[in-house]
Amino acid sequence: MLKKRVAKKMDFNESQKDMSRAYYGGATGALASGIVWLSAGLIGLYSSPFNSMLALLIGGMFIFPISLLFSKLLGATGKHDATNVLGKLAIENLGILFGGLFIAVIVAQLNSLLFYPIMLVIIGARYLTFQTLYGLKVYWALGSVLMISGFYLAIFPSDFTFAAFVGGFIEIAFALIIFRQSKECSAN
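This section reports on the structure supplied with the text.

So, the overall build of the protein chain
Looking only at helices and strands, one finds 10 helices and 0 strands in the protein chain. Along the first, second and third principal axes, the C-alpha set of the protein chain runs to 65 × 40 × 25 Å. The long-range fraction of contacts in the protein chain, counting pairs at least 24 apart against all pairs at least 6 apart in sequence, stands at 78%. Entry remark: accessible area of the protein chain is about 10,500 Å², with carbon and sulfur atoms responsible for 70%. Considering the protein chain, the positive charge centre built from 14 side chains and the negative charge centre built from 8 side chains are found 10 Å apart.

Section: the environment of Ser-158
Position of Ser-158 among the secondary structure elements: in the loop between α9 (138–155) and α10 (162–187). In the structure, Ser-158 is positioned 44 residues away from Leu-114 in sequence and 9.8 Å away in space, judged by C-alpha atoms.

Things to note about the environment of Gly-78
Examined against the element boundaries, Gly-78 turns out to sit in the loop between α4 (63–73) and α5 (87–92). Sequence separation between Gly-78 and Val-145 is 67 residues, and the spatial gap between their C-alpha atoms is 27 Å. Apart from residues no more than four positions distant in its own chain, Gly-78 is found in contact with Ala-22, Tyr-23, Leu-68 and Ser-71.

Considering the environment of Leu-42
Counting through the fold element by element, Leu-42 comes out in helix α2 (residues 27–46). On the accessibility criterion, Leu-42 (44% relative accessible area) is partly exposed. Residues Leu-42 and Ala-55, 13 residues apart in the sequence, show an inter-C-alpha distance of 9.7 Å.

Here we look at the packing of helix α6 (residues 94–110) against helix α7 (residues 115–128)
Packing of α6 against α7 leaves a shortest axis separation of 9 Å and a crossing angle of 170 degrees. Taken together, the axis directions place α6 and α7 in an arrangement best described as roughly antiparallel. Contacts from Leu-94, Ile-96, Leu-97, Gly-100, Leu-101, Ile-103, Ala-104, Val-105, Val-107 and Ala-108 in α6 reach Phe-115, Ile-118, Met-119, Ile-122, Ile-123, Ala-125 and Arg-126 in α7. Each residue belonging to the contact of α6 with α7 can be placed in one class, and the counts come to 15 nonpolar, 1 polar and 1 charged.

Looking at unusual backbone geometry
Backbone geometry places Tyr-24, a non-glycine residue, at a positive phi of 50 degrees. Its place among the elements puts Tyr-24 in the loop between α1 (12–23) and α2.

A word on α9
Taking 1.5 Å as the rise per residue, α9 with 18 residues should run 26 Å; its terminal C-alpha atoms sit 26 Å apart, in good agreement. Restricting attention to buried positions, one finds in α9 the residues Val-138, Tyr-139, Leu-142, Gly-143, Leu-146, Met-147, Ser-149, Gly-150 and Leu-153. Mapping the buried residues of α9 onto a view down its axis gives an arc of 170 degrees, with all of them on the same face. Exposed side of α9, more than 90 degrees from the buried face: Ile-148, Tyr-152 and Ile-155 are the residues found there.

The rules we used
- Residues numbered from 1 in each chain as written.
- Predicted model: local features only at pLDDT ≥ 70, side-chain atom pairs only at ≥ 80, totals over all residues.
- Heavy atoms only, no water.
- Helix = DSSP H or I, 4+ residues; strand = E, 2+ residues; numbered from the N terminus.
- Contact = heavy atoms within 4.5 Å.
- Areas by Shrake-Rupley, 256 points an atom, 1.4 Å probe, with all protein chains shown as cover.
- Lys, Arg positive; Asp, Glu negative; His and termini not counted.
- Charge placed at Lys NZ, Arg CZ, Asp CG, Glu CD.
- Buried < 20%, exposed > 50% of the residue type's maximum accessible area, 1.4 Å probe, protein only.
- Axes fitted to C-alpha atoms, helices over the stretch in contact; angles between N-to-C directions.
- Parallel < 35°, antiparallel > 145°, perpendicular 65-115°, else oblique.
- Nonpolar A, V, L, I, M, F, W, Y, C, P; charged D, E, K, R; others polar.
- Expected span 1.5 Å × (residues − 1).
- Arc of directions from axis to C-beta.

Spelled out as structure tokens, the structure:
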């Protein structure tokens, strides 16, 4: 009888290093997301709030493929090892995003100024899990800054697109920090 070869799963630290190597610590995803947020903000400036929200929703579907492209252009594989125990967490935390998106769309029907602040809180909450995924504590800061910005902009609303630009600039700034930190971790 033929025996099946069972691949040995990576331990937790190896899994974090593998995720970080494959995706530059998630920096390319934060960069792609920041670009989508800024694009949605620009569309909101020159079009309607509906088109701006639609741009974030549709653009959001392309964040992962764009981040893979960025990863590969920068020399990373853009693919974690099949035995990586954290591979499922990257998919499982999408529930936070989809649940929050549903809430944001429903609330936006009552008050469109709350769409982007709610999305900031939701995306921030999701980023908190990325510390476990990549082993970089900077994700706690990124998640917290996004969430606090969302809370503030929900309580003190401003122009519809302002929160989109806030989200975009925060993510791009943190993408640069994450990129630097992931390169330092890879060098060690």
